[in-house]
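Remarks on the overall topology
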Amino acid sequence: MSEREFDVVILGAGPAGEVSAGRLGEAGLEVAIVEPHLIGGECSFYACMPSKALLRPGELLAEVRRIPGVSEAVTGELDVKAVLERRDEIIHGLDDSHMEPWLEDRGVAIVREPGRLDGERRVQAGDNTLVARKAVVVATGTTALIPPIDGLRAAKPWTNREATTAEEVPERLIVLGGGVVGVEMAQAYRSFGTQVTLVEAADRLLSREEPFASEHVEQSLREHGVDVHVDVKAVGVRAADGAVEVELGTGGPVRGDQLLVAVGRRPNTDDIGLETVGLEPGKPIEVDDSMRANDWLYAIGDVNGRALLTHMGKYQARVASDVILGEDASCLLLDGQQAPRVVFTDPQVAAVGYTLDAARAAGLNVRAADVPTQGNAGASFYGRDSSLGTTRLVVDEDRQIIVGATFTGPEIAEFLHAATVAVVGEVPLARLFHAIPAFPTRSEIWLYLLEQLGIAGPCYRI
């Protein structure tokens, strides 16, 4: 056994842990990052990156087929083998060696062992005890939740990890869960020719987003041939002879060759020594807006349960690192369910801030402006007029600012950042009219939204 001292010890080298380690290392601190699996974590190897690699070919093919003159030039179906090979390139064949130099160049020590807290400012990593002079940062992320459905575990279902790294495509796939992972993987595998059945216990898909977003995604999945069951619970699972059967609370059963469970996430805190510092294993680590659990322990990214999104984990990493480096308090402005978020289905769903119902539940005096996402000249070149798409702004009437925005439509993910700037910057509506969208671009949607709100010209005064 040996004991080594560092300024900061970080548990977990996913996106949040990486960013924190790099930022602190660049500032001259001695940093150790402890990771038993892959540097880059879930996002780089099992979630964001491979899932988009699987989704993009089908999305692109659907868009091409909507455009006359191009659709005639494209015949046949996706080359699934080539799609999977490209996916493997993007995730580097589950090899993270290319990630090491970025940390090493910043003086970060990489410890390839499972890590556990061992009392105040101490981390046990293999045969080493790492002692932190300033702080320990927990960035261990989450793992897929397996609900207590009879027979489910015995069926050895896929989670997102197996779904995004599969080497073969099943003929029939059952997806439990209609959240982001569920709808994205349902669409990806349907684009490969798989017969897909999607089962969601809630009364709609993507239940945290605007109802029209749920409707558009469900309609599209059905049009592409996905068998969608909403407001239906799975009550039992049986697996035999290479097949799986899911018993439903109403209707069914449904049968497939593989089962994907995508009903949520749970924090990776079961076995990281939380009990040695007075915290409860298996629970998210509660933190303040500086990402502090106490005066020396920080938790960033999914493990604190505030916003299970890669970009938010990186944001929290920067906040925590700045506090460790001496900032008096956090500058956190955007958090939780209001974070910017994108669902990469076709149509895509992009949202930031409040939905209309959430804003009202928070006690805000709000109204909504809705326009067709495709209702402008720029849309003539993307998806054509027949594509599903609605854009909504949620406006705080008392402050005359935007507090939420949702876009649905083909290839609208890049729309989101303008809305995020408007929400975070609390830009007055009257000022937004002077942000002139170029013609013919789909950004003209902002002009139509403001007109819908009654802001009819640049000399308008509230």
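Scoring rules and cut-offs
Residues numbered from 1 in each chain as written. Predicted model: local features only at pLDDT ≥ 70, side-chain atom pairs only at ≥ 80, totals over all residues. Heavy atoms only, no water. 1 Å grid on protein atoms, 1.4 Å probe; cavity = no way out; pocket = protein on both sides within 12 Å on 5 of 7 lines; lining within 4 Å. Points joined across faces, edges and corners; volume = space filled by probe spheres on them. Helix = DSSP H or I, 4+ residues; strand = E, 2+ residues; numbered from the N terminus. Nonpolar A, V, L, I, M, F, W, Y, C, P; charged D, E, K, R; others polar. Pairing = 2+ DSSP bridges. Axes fitted to C-alpha atoms, helices over the stretch in contact; angles between N-to-C directions. Buried < 20%, exposed > 50% of the residue type's maximum accessible area, 1.4 Å probe, protein only. Contact = heavy atoms within 4.5 Å. Expected span 1.5 Å × (residues − 1). Parallel < 35°, antiparallel > 145°, perpendicular 65-115°, else oblique. Left-handed = near helix turned anticlockwise from the far one by under 90°. Core = buried A, V, L, I, M, F, W, Y, C linked by side-chain atoms within 4.5 Å.

Taken as a whole, this structure holds 1 cavity of 30 Å³ or more when the rule is applied. Here the largest cavity is characterised by a volume of approximately 40 Å³. Considering the residues around the largest cavity, the lining is formed by Leu432, Phe433, Ala435, Pro437, Trp446, Leu447 and Leu450. Of all the elements, helix 13 (residues 445–452) adds the most residues to the lining of the largest cavity, at 3 residues. The residue inventory of the lining of the largest cavity, partitioned by class, reads 7 nonpolar, no polar and no charged.

With that out of the way, let us pick up the sheet that holds strand 17 (residues 341–343). The strand order across the open sheet formed by 5 strands is 17-18-21-20-19, and the pairing between neighbours is antiparallel. The open sheet has two free edges, formed respectively by strand 17 and strand 19 (366–372), since each of these has just one partner strand. The mean inter-strand angle of the sheet, taken between neighbouring strand axes irrespective of direction, is 15°. Examined bridge by bridge, strand 20 (residues 390–396) and strand 21 (residues 401–409) share 6 bridges and lie antiparallel to one another. Directly across from Val395, in strand 21, lies its bridge partner Ile402.

Mapped onto the elements, Leu308 comes out in the loop between strand 16 (297–299) and helix 9 (310–324). For Leu308, a relative accessible area of 39% puts it in the partly exposed group. Leave out the neighbours within four places in its chain, and Leu308 touches Thr142, Arg265 and Asp302.

Put simply, the second largest pocket is a space of about 330 Å³. Lining the second largest pocket we find 16 residues, and of these Glu18, Gly40, Ser44, Met99 and Lys314 sit closest to its centre. Those elements that place two or more of their residues in the lining of the second largest pocket are helix 1 (15–26), helix 2 (41–46) and helix 9. Grouping the constituent residues of the lining of the second largest pocket by class yields 9 nonpolar, 5 polar and 2 charged.

This paragraph deals with helix 7 (residues 180–191). The end-to-end C-alpha separation of helix 7 is 17 Å, in line with the 16 Å expected for 12 residues at 1.5 Å each. Along helix 7, the residues classified as buried are Gly182, Val183, Glu184, Met185, Ala186, Gln187, Ala188 and Tyr189.

Strand pairing within a sheet occurs via backbone hydrogen bonds; the two strands may be parallel or antiparallel. Across the sheet, 3 strands lie side by side as 11-12-13; this open sheet has antiparallel pairing. With one partner strand each, in any of the chains shown, strand 11 (234–240) and strand 13 (254–256) form the two edges of the open sheet. Each neighbouring strand pair of the sheet contributes to a mean axis angle of 20°, computed without reference to strand direction. Where strand 11 lies against strand 12 (residues 243–248), 6 bridges are found, and the strand directions are antiparallel. Across the sheet, the residue bridging to Gly236 is Glu247, located in strand 12.

Below, the discussion takes up unusual backbone geometry. The omega torsion of the bond from Asp346 to Pro347 falls at 10°, within 30 degrees of zero and hence cis. Positionally, Pro347 belongs in the loop between strand 17 and strand 18 (348–353). Residues Phe439 and Pro440 are joined by a peptide bond in cis, for which omega reads -5°. Structurally, the position occupied by Pro440 is in the loop between helix 12 (429–432) and helix 13. Positive phi, close to 55°, is recorded for Asp241, a residue that is not glycine. Tracing the chain through its elements places Asp241 in the loop between strand 11 and strand 12.

A separate point is the pairing of strand 6 (residues 128–138). Burial analysis of strand 6 places 9 of its 11 residues in the buried class, the great majority of the element. Pairing analysis gives 9 bridges linking strand 1 (residues 2–11) to strand 6, with the strands arranged parallel. When the bridges of strand 6 are listed, Glu5 appears paired with Val131. In this structure, strand 5 (residues 122–125) lies alongside strand 6, joined through 4 bridges in antiparallel fashion. The residue bridging Arg122 from the neighbouring strand is Val131, located in strand 6. With antiparallel pairing between neighbouring strands as the criterion, strand 5 and strand 6 make up a hairpin whose turn holds 2 residues, including Gly126 at a positive phi of roughly 60°. For strand 6 and strand 16, the ladder comprises 3 bridges, and the chain directions are parallel. When the sheet's bridge partners are listed, Val137 is paired in strand 16 with Tyr298.

What follows is about the packing of helix 1 against helix 9. In contact at an axis separation of 8 Å, helix 1 and helix 9 are set at 30° when each is read in the N-to-C sense. Between helix 1 and helix 9, the angle is such that the two are roughly parallel. In this structure, helix 1 crosses over helix 9, and the sense of that crossing is right-handed. Counted together, Pro15, Ala16, Val19, Ser20, Arg23 and Leu24 of helix 1 and Thr310, Gly313, Lys314, Ala317, Arg318, Ser321, Asp322 and Ile324 of helix 9 form the full contact between these two elements. For the contact of helix 1 with helix 9, the per-class residue count stands at 6 nonpolar, 4 polar and 4 charged.

So, on to the nonpolar core. Grouped together as the largest cluster of nonpolar side chains are 49 residues, with contacts concentrated most on Leu117, Leu130, Met291, Tyr298, Ile300 and Ile324. For this core, the elements supplying multiple residues, two or more each, are strand 1, helix 1, strand 2 (31–34), strand 3 (109–111), strand 5, strand 6, strand 16 and helix 9. Top element by residues in this core is strand 6. It accounts for 6 residues. The contact partners of Leu130, leaving out residues within four places of it in the chain, are Arg4, Phe6, Val9, Ala32, Val34, Val111, Arg121, Arg122, Val123 and Ala125.

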